[in-house]
Amino acid sequence: MKVLVTGGAGYIGSVTTRVLLARGHEVEILDDFSTGHREALPPGVPLHEGSLLDAGFVDRVLAAPVDAVLHFAAFSLVGESAVRPLKYYRNNVGGSVNLLDAAARAGVRRFVFSSTAAVYGEPDEMPITEHAPTRPVNPYGHTKLAIEWALADTAAAAGFPAVALRYFNACGATPELGEDHEPETHLIPRLLRSLLDPAAGFAVFGDDYPTPDGTCIRDYVHVADLAEAHALALEADARPGLSVYNLGSETGASVREILAAAAAATGLPVEPRIEPRRPGDPARLVAGNARARRDLGWRPCRSDLPTILRDAWDWHRRHPRGYRG
Ligand code: UFG
């Protein structure tokens, strides 16, 4: 298929682009490099450099027809979204509306959207299935849920099948591509950076949660497994309307378990400070992934902690300053 990947210079978009190319798809990338990295682009892939907020630009990109759109481009800092909500509504919702509008008029035949576990907020039941109520607790989650609604309505009206993939905690790396955000807020890259540069320091945010070791439990899913899920969603039998899938490993790991896995993968001592809880962190988030397994044939086979920490460490060690070196 001919596929337009928005956010193809970002963490998950760049890994997915490689998987699509390896599976014989023809890929074009749209990115404004507000958070993505030119170094993460594959050689020879056509690039449309510009913003989704520029409706004329998006129309021109889609004037040359594509079969499908994979939409990764978004701001994704939960904390920042609480301080600057309209930055998130403008970019995430506004940009997606322009993209959906152009895609519907261009006759795109499939649309795959990067959604998030943040749409669930703090669910009552674990593991979280796709039937759980959507009750986001921050503006980032609100914007992603708003896009899911816009996507469902547009898919119904325009008659194209659409998929929303709700990621849990993306992590890990491939030999070429890794996680490099500025600022970095995520557990694993912050921890590994602190092992490379002890001056950076590392803190566990809260050890008094109602979990067996007192630290928060999350569902860590390897970026290569996420990328494969996108390819499967693209290639799956078309279902009318919007299909929603959780992408997680169905296994929870606490912050302390991640620290132990990092110590094992690196051979270095991990000695964190303990700081107060970070506002808005739920104690436990674990995905039920039966639907993705059943409908897409997805198997998150690299999402065990030794593989995640080994791959992430391998990348960070070779890129101590991220894509800058
Ligand atoms: N944590 C630390 N120290 C750090 C960084 C994180 O202890 O330096 C802890 C957090 O408090 C949390 C856990 O590690 O308990 C994981 O935190 P991350 O920031 O890595 O990930 P989150 O679970 O907060 O967020 C992820 C995605 C979001 C998404 C959310 C869905 O990054 O985009 O899952 O719940 F919205």
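Quantities reported herein were computed from a predicted structural model and do not represent experimental measurements. (Residues numbered from 1 in each chain as written. Predicted model: local features only at pLDDT ≥ 70, side-chain atom pairs only at ≥ 80, totals over all residues. Heavy atoms only, no water.)

**Q** What should I look at first to understand the overall build of the protein in this one?
**A** Of the regular secondary structure elements, the protein holds ten helices and 13 strands. Taking the principal axes of the C-alpha coordinates as reference, the protein spans close to 55 × 45 × 40 Å. The 325 residues of the protein split such that 54% are buried. Here the contacts in the protein between residues at least 6 apart in sequence split such that 77% fall between residues at least 24 apart. (Helix = DSSP H or I, 4+ residues; strand = E, 2+ residues; numbered from the N terminus. Buried < 20%, exposed > 50% of the residue type's maximum accessible area, 1.4 Å probe, protein only. Contact = heavy atoms within 4.5 Å.)

**Q** Got a minute to help me understand the side chain of Thr116 in this structure?
**A** Inspection of the secondary structure assignment puts Thr116 in strand β5 (residues 110-116). A distance of 2.9 Å separates a polar atom in the side chain of Thr116 from the backbone nitrogen of Ala118. With sequence-adjacent residues up to four places away left out, Thr116 is seen in contact with Tyr140, Lys144, Leu165, Arg166 and Tyr167. (Polar contact = N/O pair within 3.5 Å; in protein donor to acceptor, adjacent residues only side chain to side chain.)

**Q** I tried to follow the site of the ligand on my own but got confused; where do I start?
**A** Neighbouring the ligand are 21 residues; His186, Arg190, Arg218, Arg278 and Asp281 lie closest to it. In this structure, a nitrogen atom belonging to the ligand sits 2.8 Å away from a main-chain N or O atom of Ala203. Residue Arg278 places a side-chain N or O atom 2.8 Å away from an oxygen atom belonging to the ligand. About the coverage of the ligand: the protein hides 91% of its 690 Å² of free accessible area. At the level of elements, α6 (187-196) and β8 (203-205) are the ones that each hand at least two residues to the shell around the ligand. Considering every element that reaches the shell around the ligand, the biggest residue donor is β8, with three residues. Partitioned by chemical class, the residues of the shell around the ligand number 13 nonpolar, four polar and four charged. (Near = heavy atom within 4 Å. Areas by Shrake-Rupley, 256 points an atom, 1.4 Å probe, with all protein chains shown as cover. Nonpolar A, V, L, I, M, F, W, Y, C, P; charged D, E, K, R; others polar.)

**Q** Hey, could you run me through the domain arrangement of the protein in this one?
**A** How large an interface is tends to be reported as the accessible area lost when its parts come together. According to the domain assignment, the protein consists of domain 1 (2-170 + 220-247) and domain 2 (174-219 + 250-285 + 301-324). Using C-alpha coordinates to define each centre, domain 1 is positioned 25 Å away from domain 2. Listed as interface residues are 22 residues of domain 1 and, on the opposing side, 26 residues of domain 2. If you sort the residues of domain 1 by the area they bury against domain 2, Tyr11, Tyr220 and His222 come out on top, with a joint share of 35%. At the junction of domain 1 and domain 2, the tally comes to two salt bridges. Put simply, Asp225 and Arg302 hold a salt bridge, and the shortest N to O gap is 2.6 Å. For the side of domain 1 that touches domain 2, the secondary-structure elements that each account for two or more residues are α1 (11-22), β7 (169-171), β10 (220-222) and α7 (223-235). (Domains from an automatic or database assignment. Buried area = accessible area lost by both parts, 1.4 Å probe. Salt bridge = Lys/Arg side-chain N within 4 Å of Asp/Glu carboxyl O.)

**Q** What am I meant to see in the pattern of salt bridges here?
**A** Side chains that differ in charge, positive against negative, can pair when their charged atoms come close. Considering all chains together, one arrives at 23 salt bridges under this definition. The residue Arg109 makes a salt bridge to Asp67 at a minimum N-O spacing of 2.9 Å. Residue Arg109 is located in the loop between α4 (85-105) and β5, and its partner Asp67 is located in the loop between α2 (55-61) and β4 (68-71); the two are separated by 42 residues in the primary sequence. In this structure, Arg105 engages Asp101 in a salt bridge whose closest nitrogen and oxygen atoms are separated by 3.4 Å. You can see Arg105 and its partner Asp101 sitting in helix α4, four residues apart, about one turn around the helix. Exposure remark for Arg105: the relative accessible area of 54% places this residue in the exposed category. One network of salt bridges, with partners in common, ties together Asp59, Asp101 and Arg105.

**Q** Honestly, the packing of aromatic side chains in this entry has me stumped. Any pointers?
**A** We describe a pair of aromatic rings using the distance from one ring centre to the other and the angle between the two ring planes. If you walk through the whole model with that rule in mind, you get four aromatic pairs. For Lys87, the ring lying beneath its charged end belongs to Phe75, and the centroid distance is 4.7 Å. Between the NZ or CZ atom of Arg277 and the centre of the ring of Tyr209, over which it lies, the distance is 4.0 Å. (Phe/Tyr/Trp six-rings, centres within 6.5 Å; stacked < 30°, edge-to-face > 60°. Lys NZ or Arg CZ within 6 Å of the ring centre and 35° of its normal.)

**Q** Which parts of the structure should I look at to understand the nonpolar core?
**A** In summary, soluble globular proteins display a tendency toward joint burial of nonpolar side chains. Ranked by size, the top nonpolar core spans 36 residues in total, and within it Leu20, Leu70, Leu165, Leu247, Leu296 and Trp298 carry the most contacts. Where this core is concerned, the elements lending two or more residues are β1 (2-6), α1, β2 (26-31), β4, β6 (162-167), α7, β11 (242-247) and α9 (290-296). When residues of this core are assigned to their parent elements, the largest contribution, eight residues, is made by α7. There are two domains that each give this core at least three residues, and those are domain 1 (2-170 + 220-247) and domain 2 (174-219 + 250-285 + 301-324). (Core = buried A, V, L, I, M, F, W, Y, C linked by side-chain atoms within 4.5 Å.)

**Q** What is the right way to read the packing of α6 against helix α10 (residues 305-318) from this model?
**A** To characterise two packed helices, one gives the angle between the axes of the helices and the distance between these axes. Axis separation between α6 and α10 bottoms out at 10 Å; the angle between their running directions is 50°. With respect to their mutual orientation, α6 and α10 come out oblique. Between α6 and α10 lies a crossing of right-handed hand. On α10, the residues touching Ile188, Pro189, Leu192, Arg193, Leu195 and Leu196 of α6 are Ile308, Leu309, Ala312, Trp313, His316 and Arg317. Of the residues belonging to the contact of α6 with α10, the class tally is nine nonpolar, one polar and two charged. (Axes fitted to C-alpha atoms, helices over the stretch in contact; angles between N-to-C directions. Parallel < 35°, antiparallel > 145°, perpendicular 65-115°, else oblique. Left-handed = near helix turned anticlockwise from the far one by under 90°.)

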